[in-house]
Amino acid sequence: MAKRPPSPVPQTRLGRLARIGLAAGELAFGAAAQGLTRLAKGQAPDFAGAMLSGSNAKRLASRLSELRGAAMKLGQILSLHGEEMLPPEFVQALAELRSQATSMPSQQLHRVLGREYGKGWEKRFKRFDEEPIAAASIGQVHRAVTRDGRDLALKIQYPGVARSIASDVDNVAVLLRLFNLLPVSIDIAATVEEAKRQFAQEADYEAEGRFLESYATFVADDPGVVVPHLHWDFTTPRIMAMDYMEGVPLEKVAHELPRVRDAVGSVLERLLFRELFEFRVMQTDPNFANYLFQRATGRVVLLDFGATRRFDDDFVATFARITHAVVKGDRELVGREAARIGYVRPDDGPEHVSAAVELIFLVCEPLQHPGPYDFPASDLLPRVRARGYELAVRRGLVRAPPPATMFLHRKLIGSFLLLARIGARVDARALVLECLKKAPRRPRPAS
Ligand SMILES: Nc1ncnc2c1ncn2[C@@H]1O[C@H](COP(=O)(O)OP(=O)(O)O)[C@@H](O)[C@H]1O
Ligand SMILES: [Mg+2]
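The rules behind each value
- Residues numbered from 1 in each chain as written.
- Chains lettered and ligands numbered in written order.
- Predicted model: local features only at pLDDT ≥ 70, side-chain atom pairs only at ≥ 80, totals over all residues.
- Heavy atoms only, no water.
- Helix = DSSP H or I, 4+ residues; strand = E, 2+ residues; numbered from the N terminus.
- Contact = heavy atoms within 4.5 Å.
- Axes fitted to C-alpha atoms, helices over the stretch in contact; angles between N-to-C directions.
- Parallel < 35°, antiparallel > 145°, perpendicular 65-115°, else oblique.
- Left-handed = near helix turned anticlockwise from the far one by under 90°.
- Nonpolar A, V, L, I, M, F, W, Y, C, P; charged D, E, K, R; others polar.
- Donors = N, O, S within 2.8 Å, 3.2 Å for Na, K, Ca; no water.
- Buried < 20%, exposed > 50% of the residue type's maximum accessible area, 1.4 Å probe, protein only.
- Phe/Tyr/Trp six-rings, centres within 6.5 Å; stacked < 30°, edge-to-face > 60°.
- Lys NZ or Arg CZ within 6 Å of the ring centre and 35° of its normal.
- Salt bridge = Lys/Arg side-chain N within 4 Å of Asp/Glu carboxyl O.
- Core = buried A, V, L, I, M, F, W, Y, C linked by side-chain atoms within 4.5 Å.

As for the side chain of Q108
Okay, step 1: Mapping Q108 onto the fold places it in helix α6 (residues 106-117).
Okay, step 2: Each residue touching Q108, except ones within four places of it in the same chain, is listed here: S7, P8, V9, Q11 and P159.

Below, the structure is given as structure tokens:
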């Protein structure tokens, strides 16, 4: 992780708005400067293209990274889902937001600690590492040893994050709309609301602590994964205290023997299907930094339950029926169930339905494949992207998915990327069939 010098998190509404405005100005300026360069070379200026240049994206990434909070989270989401609508250099430059953040200076850190733990907080620790282990979008993580000898990782939230969520989301939405960075078909108002709701949940570390504890129960029977223990006496709404976990970054699995890579891949894929069909609770942020790998035991450590969501039984039952139908190759059933989720609307014609069915079958390719699916060798994502672009943008046959599915899609894409990156071959079909047995079955009267 490239290091940036610490900088204070801007906390006032106006201060944050000004910086988002500054980012907008810089984008426009960067585009204008490029336009002039092209003019000087005797080419026609291409402002739309220039706006979306890699250097412009770098500027935007750096601003959002200083701001942190919801503004940065939105940049991360754009970098994951922007592929369909933005040039690759732009998305790539934004991707740095997923690994890098600026930490807060120690004065600001101590203020947060004093406010959360009360005066004299230092006395509760035998050791407190001032240098953070990691700085992420809404908080940074410090290692500390309590007076009674517990070795902890403390996730400490930047000040002002929680109360700036709504205005950050609104301001960034304006910025994205201004520069046409949003897909045309998206329901902006609903998405903005969903994002605010989600980020507010992520900013509540006590809620995250409760999710972490439910996960520990869920996966207690899985020897392949481990979840840190939560320490409530050091946890507040803005500080989450858990066991410090040993492990190497998950990316390192890519250097292991194929047997190890495949085993880790299976652990992650089984967990994904169990989350959806069995627990009906899902951690929807499958970012590399949210996992560690313990070489000695081959176990995967799960961190970061901020983006955990519950799915209602009806939603899960419908997804289970779609998945069953995909595995069986039943296109008609997939079409009917797709309408229940909202992938097609009741008044959509057969062309819309068949476009949705085609895309669903395409994205579920690993589930139709007999035996281990070779994730690293697969070009499925670019194929989905190309076909999705053709059907959605060029032919207008695909509806923007309902906001409730946004986080499930993020998880599915992210999980695919994880398996590809660690180089795993996994029998996804067998795993999904096994996990589907635990899905709620509520056959409804045919409508
Ligand atoms: N319990 C832990 N033990 C060791 N390192 C941790 C622990 N929790 C978090 N980290 C480190 O801090 C980083 C950020 O933590 P995470 O929970 O993902 O925060 P955020 O919600 O801000 O993304 C992780 O990528 C990991 O490197
Ligand atoms: Mg994280």
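From this point, the discussion proceeds with the structure in view.
What about the packing of helix α3 (residues 54-67) against helix α5 (residues 88-95)?
Okay, step 1: One can describe the packing of α3 onto α5 by two numbers: an axis separation of 8 Å at closest approach and a directional angle of 25 degrees. Judged by the inter-axis angle, α3 sits roughly parallel to α5. Note that α3 runs across α5; the crossing there is right-handed. Facing G54, N56, A57, K58, L60 and A61 of α3, the residues of α5 in contact are E89, F90, A93 and L94.
Okay, step 2: In terms of residue class, the contact of α3 with α5 is built from six nonpolar, two polar and two charged.

A few points about the coordination of the magnesium ion (ligand 2)
Okay, step 1: Taken together, N290 (OD1) and D304 (OD) make up the protein donors of the magnesium ion (ligand 2), found 2.1 to 2.2 Å from the metal. Of this pair, N290 sits in the loop between β8 (281-283) and β9 (291-294) while D304 is found in the loop between β10 (299-302) and β11 (308-310), placing the two residues 14 residues apart along the sequence.
Okay, step 2: A residue is classified by how much of its surface remains accessible, and N290, at 6% relative accessible area, is buried.
Okay, step 3: Among the residues examined, D304 registers a relative accessible area of 21% and is labelled partly exposed.

Notes on the packing of aromatic side chains
Okay, step 1: The tally for this structure, following the rule as stated, stands at 16 aromatic pairs.
Okay, step 2: An angle of 5 degrees between the planes, with centres 4.5 Å apart, marks the rings of F218 and F279 as stacked. Of this pair, F218 sits in helix α9 (residues 205-218) while F279 sits in helix α10 (residues 258-279), and the two are 61 residues apart along the sequence.
Okay, step 3: Relative accessible area serves as the criterion here: at 23%, F218 is assigned to the partly exposed category.
Okay, step 4: Every member of this aromatic cluster is reached through a ring pair, and the members are Y117, W121, F125, F128 and F234.
Okay, step 5: Between the NZ or CZ atom of R68 and the centre of the ring of Y158, over which it lies, the distance is 5.2 Å.

So, the pattern of salt bridges
When charged atoms on two side chains of opposite charge get close, those side chains can pair.
Okay, step 1: Counted under the stated rule, the structure contains 24 salt bridges.
Okay, step 2: A salt bridge links R150 to D148, with the nearest nitrogen and oxygen atoms 3.1 Å apart.
Okay, step 3: The exposure class assigned to R150 is partly exposed, which follows from its relative accessible area of 21%.
Okay, step 4: Among the salt bridges present, the one from D170 reaches K196, with a minimum N-O distance of 3.0 Å. Of the two residues, D170 sits in helix α7 (residues 161-178) while K196 sits in helix α8 (residues 188-202), which places them 26 residues apart along the sequence.
Okay, step 5: By relative accessible area, D170 is classed as partly exposed at 34%.
Okay, step 6: Residue classification places K196 among the buried positions, given a relative accessible area of 17%.
Okay, step 7: It is possible to trace a salt-bridge network through shared partners that takes in D221, R274, E278 and K438.

A look at the nonpolar core
Okay, step 1: Core analysis: the largest hydrophobic core is formed by 121 residues, its most contacted members being L154, L250 and F277.
Okay, step 2: With ten residues, α10 is the single largest residue contributor to this core.
Okay, step 3: Excluding residues that lie within four positions of it along the chain, F277 makes contacts with V316, F319, A320, T323, V432, C435, L436, K438, A439 and P440.
Okay, step 4: The next biggest cluster of nonpolar side chains, apart from the first, holds five residues, and it includes V226, M245, L292 and V301.

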